[in-house]
Amino acid sequence: MNSKYALIISIVLLVGVFSGMGCSTPVTTVNVSAASSLTDVIGEINALYQKDNPNVTVIANFAAPGTLQQQIENGAPADVFISASPRQVDALQSKKLIVDNTRKDLLCNKVVLIVPGDSTLGIKSFNDLTGDAVKKVAIGDPDSVAAGQYARDIFNQYGIMEALKSRLVLAGNVRQVLQYVESSNVDAGVVFLTDAKISKSVKVVADAPDDINKKVVYPVAVINTGRDRTDASAYEAFLFSNQAGAIFDKYGFTVINH
Amino acid sequence: MESLLSPLWISLATVFTATAITFITGIAVARWMARYEGRMRNFVDGILILPLVLPPTVVGLGLLMLFGKNGPLGQLLLLFGNTVVFSWPATVITATVVSFPLMYMNARGAFEQVDISIENAARTLGASEWKTFWRITLPLAWPGVAAGAVMAFARAIGEFGATLMLAGYIPGRTATIPVAIYFAVQDGDMDQALLFVLIVLFIVFASLSALAYFKSKSYKVITA
């Protein structure tokens with residue numbers, strides 16, 4: 001019995017010692033929490049950043065801004081936060097979770113109404129959504145999804161929120177809204193223009209009113225984690241570079257010039 | 001349309017309907033399989049238990065492919081002008097599918113425990129198959145069958161993944177308690193989430209107590 005315990009303990013200790021011996025050059029990690037609409041574009045930007053900075057590993061985490069805000073408030077290891085709406089960054093700022101002077105507006109985007117590619121319902125505007133033929137409309141959950149919040153603002157502005165309330169299917173993030181429309185299980189959905197561009201099986205039928213599109217801003221900020229911030233700040237600076245700008249352009253985002 | 005407690009009413013309606021369906025079909029299929037001696041026995045058994053071992057998202061995806069606009073059952077229902085995806089019946093379908101294996105396994109086990117010579121004695125005395133089932137088999141198997149129903153109920157009320165995929169999140173219509181908790185947390189509404197967690201805990205504890213009660217009532221068969 002004694003020798004068995006000794007063997008087990010020594011194996012555990014050996015494993016511990018060997019796993020503690022890292023590589024010779026320290027690899028730093030930058031954890032980026034970004035809104036779901038940024039999935040493809042940030043993925044490409046991160047690949048480029050890692051090629052130029054081989055000693056940095058960028059780990060991306062995509063979800064609805066509300067979810068990301070929850071995670072950060074509860075101590076998740078996020079270094080940089082890119083939200084699709086200022087609201088969540090405001091909330092974090094009021095809780096002193098944002099490093100001063102690192103909050104900057106990065107991108108603009110447009111909100112659009114999409115329908116399945118093979119839709120025959122003839123929806124051409126937001127007001128058409130109140131027609132009898134439209135049974136289900138997908139939007140993000142307005143309380144946590146930026147695109148859902150903007151959708152609610154649009155419906156309120158057109159005065160159609162009450163009429164649509166019973167037809168809404170709420171999604172946990174904007175890409176899920178896109179998928180619902182792609183699968184034709186809903187008749188229409190509200191997403192960002194950049195999301196619609198990714199998909200081959202949806203049609204954009206209407207744009208959000210200008211005054212709402214003007215409010216669509218993606219702020220970026222470094223999170224106050226107490227850890228060293230040099231790498232996070234370097235990454236944030238890269239997002240404003242020309243190289244990153246070209247990639248944002250490609251996907252249809254508008255980079256805000258500073 | 002939505003009140004604070006609407007997920008509770010939706011969950012209760014869904015679970016009672018699903019458990020009723022599972023109860024009847026589970027007993028029927030279990031009774032048949034208990035006495036089925038054919039070569040396909042293990043294969044059929046495997047299919048019936050599949051939703052229990054598959055991840056709920058796989059079950060959800062399967063149901064979505066079946067009932068979606070391009071799926072076989074979806075297209076059939078479309079002929080009658082009905083869609084199942086993102087509707088309340090979808091919550092019943094997912095709850096039934098995931099809880100069926102539990103009802104089936106418990107009921108079949110209970111039926112197999114019934115001494116066939118007792119059933120045969122009833123038959124020799126002239127009882128029809130139906131009468132034998134109602135008056136002899138089911139009462140003897142009852143503790144196991146009831147336990148199956150309670151387990152099916154508990155599983156149905158906790159169903160989340162497949163429900164979210166097939167029924168979606170429609171507050172006031174398809175938002176069951178687990179789905180409501182998930183979105184309450186995502187929205188940062190912790191008070192709401194906690195309220196529903198407490199409600200579910202209460203329901204589950206009540207179910208487990210019922211389960212313990214039924215298990216204690218098992219008949220012990222004494223053979224001479």
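Residues numbered from 1 in each chain as written. Chains lettered and ligands numbered in written order. Predicted model: local features only at pLDDT ≥ 70, side-chain atom pairs only at ≥ 80, totals over all residues.

Undergrad: I would appreciate a short explanation of the overall build of chain A in the present structure.
TA: For chain A, the count of helices and strands is 11 helices and 11 strands. For chain A, with 258 residues in total, the buried portion stands at 43%. Counted over contacts in chain A with a minimum sequence separation of 6, partners at least 24 positions apart contribute 76%. (Helix = DSSP H or I, 4+ residues; strand = E, 2+ residues; numbered from the N terminus. Buried ≥ 20, exposed ≤ 12 C-beta atoms within 10 Å, placed from the backbone. Contact = placed C-beta atoms within 7 Å.)

Undergrad: Could you clarify how one ought to interpret helix H3 (residues 65-73) of chain A in this entry?
TA: Residues lying three or four places apart along an α-helix face the same way, a consequence of the helix completing one turn every 3.6 residues. For H3 of chain A, the full list of buried residues reads Pro65, Gly66, Thr67, Leu68, Gln69 and Ile72 of chain A. Where the residues of H3 of chain A are buried, they touch strand E1 (28-35), strand E2 (56-63), strand E3 (80-82), helix H4 (86-94) and helix H5 (146-158) of chain A together with helix H9 (177-186) of chain B.

Undergrad: Explain the interface of chain B and chain A here, please?
TA: A common way to express how large an interface is: the accessible area buried when the components associate. At the junction of the two partners, chain B supplies 14 residues and chain A supplies 19 residues. For the side of chain B that touches chain A, a count of residues per class yields 8 nonpolar, 4 polar and 2 charged. (Nonpolar A, V, L, I, M, F, W, Y, C, P; charged D, E, K, R; others polar.)

Undergrad: Please explain the sheet that holds strand E11 (residues 254-255) of chain A as it appears in this structure.
TA: For sheets, the rule is that strands pair by backbone hydrogen bonds, running either parallel or antiparallel. Residue and element names in this part refer to chain A. Across the sheet, 6 strands lie side by side as E2-E1-E3-E10-E4-E11; this open sheet has mixed pairing. A single partner strand is all that each edge strand has here, and the edge strands are E2 and E11. In terms of strand pairing, strand E4 (residues 104-108) meets strand E10 (residues 217-222) through 4 bridges, oriented antiparallel. Looking at the pairing, Cys108 lines up with Val217 of E10. The sheet contacts of helix H10 (residues 230-239) involve E1, E2, E3, E4 and E10, and relative to E10 the element is tilted by about 155°. (Pairing = 2+ DSSP bridges. Axes fitted to C-alpha atoms, helices over the stretch in contact; angles between N-to-C directions.)

Undergrad: Help me understand the pairing of E4 of chain A, please; the structure alone is not making it clear to me.
TA: Inspection of the sheet shows E4 of chain A paired to E11 of chain A by 2 bridges, in the antiparallel sense. Its bridge partner lying in E11 of chain A, Leu107 of chain A is registered against Val255 of chain A.

Undergrad: Looking at this model, I keep getting lost on the domain arrangement of chain A. Mind explaining?
TA: Residues and elements named next belong to chain A. Domain boundaries in chain A define domain 1 (26-107 + 217-255) and domain 2 (111-213). Placing a centre on the C-alpha atoms of domain 1 and another on those of domain 2 gives a separation of 27 Å. Elements supplying a minimum of two residues to the side of domain 1 that touches domain 2: helix H2 (39-52) and H3. Among the elements that make up the side of domain 1 that touches domain 2, the one with the highest residue count is H3 (3 residues). (Domains from an automatic or database assignment.)

Undergrad: Honestly, unusual backbone geometry in this entry has me stumped. Any pointers?
TA: If a residue is not glycine, its phi is most likely negative; likewise, a peptide bond is most likely trans. You will see that Asn101 of chain A, though not glycine, has its phi angle at about 65°, which is positive. In this structure Asn101 of chain A comes out as exposed when scored by C-beta crowding, with 9 C-beta atoms within 10 Å. Of note, Phe86 of chain B is a non-glycine position whose phi angle comes to about 60°, a positive value. Relative to the helices and strands, Phe86 of chain B is located in the loop between helix H4 (72-79) and helix H5 (88-113).

Undergrad: Would you explain the sheet that holds strand E7 (residues 168-171) of chain A in this entry?
TA: Residue and element names in this part refer to chain A. A sheet is described by the order of its strands in space; here 5 strands give the open sequence E7-E6-E8-E5-E9, paired in mixed fashion. Of all the strands in the sheet, just E7 and strand E9 (202-207) have a single pairing partner and so form its edges. Across this sheet, the average inter-strand angle for adjacent strands is 35°, counted without regard to direction. Pairing of strand E5 (residues 111-116) with E9 involves 5 bridges; the strand directions are antiparallel. In the sheet register, Val115 faces E9, and the bridge partner there is Lys203. Its contacts with the sheet place H5 against E5, strand E6 (137-140), E7 and strand E8 (188-192), and it is angled at close to 125° to E6. Sitting on the sheet, helix H7 (residues 174-182) touches E5, E6, E7, E8 and E9, and the angle it makes with E8 is about 145°.

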